[in-house]
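# Coordinate analysis (summary)
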Amino acid sequence: MDYSKMGGARSPKNTPKHAEHNAYGSEKTPYGKKDPKAELLARMKAAAGKTAETKKGG
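An account of the accompanying structure is given in this report. (Residues numbered from 1 in each chain as written. Predicted model: local features only at pLDDT ≥ 70, side-chain atom pairs only at ≥ 80, totals over all residues. Heavy atoms only, no water.)

The next subject is the overall build of the protein chain. Scanning the protein chain from N- to C-terminus turns up one helix and zero strands. Against the globule reference of 10 Å for 58 residues, the protein chain gives a C-alpha radius of gyration of 23 Å, more extended than a compact globule. Along the first, second and third principal axes, the C-alpha set of the protein chain runs to 70 × 35 × 15 Å. Put simply, the protein chain has 58 residues, and 0% of those count as buried. For the protein chain, the accessible surface area stands at approximately 6,200 Å², while carbon and sulfur atoms represent 57% of it. Once the 13 positive and 6 negative side-chain charges of the protein chain are each reduced to a mean point, those two points are 6 Å apart. (Helix = DSSP H or I, 4+ residues; strand = E, 2+ residues; numbered from the N terminus. Rg over C-alpha atoms; globule rule 2.2 N^0.38 Å. Buried < 20%, exposed > 50% of the residue type's maximum accessible area, 1.4 Å probe, protein only. Areas by Shrake-Rupley, 256 points an atom, 1.4 Å probe, with all protein chains shown as cover. Lys, Arg positive; Asp, Glu negative; His and termini not counted. Charge placed at Lys NZ, Arg CZ, Asp CG, Glu CD.)

Structural data, given as structure tokens:
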């Protein structure tokens, strides 16, 4: 008996069951709309400064 032919077809492995709401190329995040690196670094430094102040003050 060939058990591989029984039942439904197997779904592919490692595939998401849904589409992400903020995937690149979607309406929310179109291609080519990434933030410049300078802005990213400025935000990271500001966030690091805030956490350092809270740790120092607490």
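This part takes up a nonpolar patch on the surface. On the surface, Met 1, Tyr 3 and Met 6 cluster together into a nonpolar patch covering about 440 Å² of accessible area. Tracing the backbone shows Tyr 3 in the segment before helix H1 (37-57). Residue class for Tyr 3 comes out exposed when judged on its relative accessible area of 60%. (Patch = residues over 30% accessible without salt bridge, like charges linked within 9 Å, V, L, I, M, F, W, Y side chains within 5 Å. Salt bridge = Lys/Arg side-chain N within 4 Å of Asp/Glu carboxyl O.)

Turning our attention to the environment of Lys 28. For Lys 28, the position within the fold is in the segment before H1. Spatially, the C-alpha atom of Lys 28 lies 38 Å from that of Lys 56, the residues being 28 residues apart in sequence.

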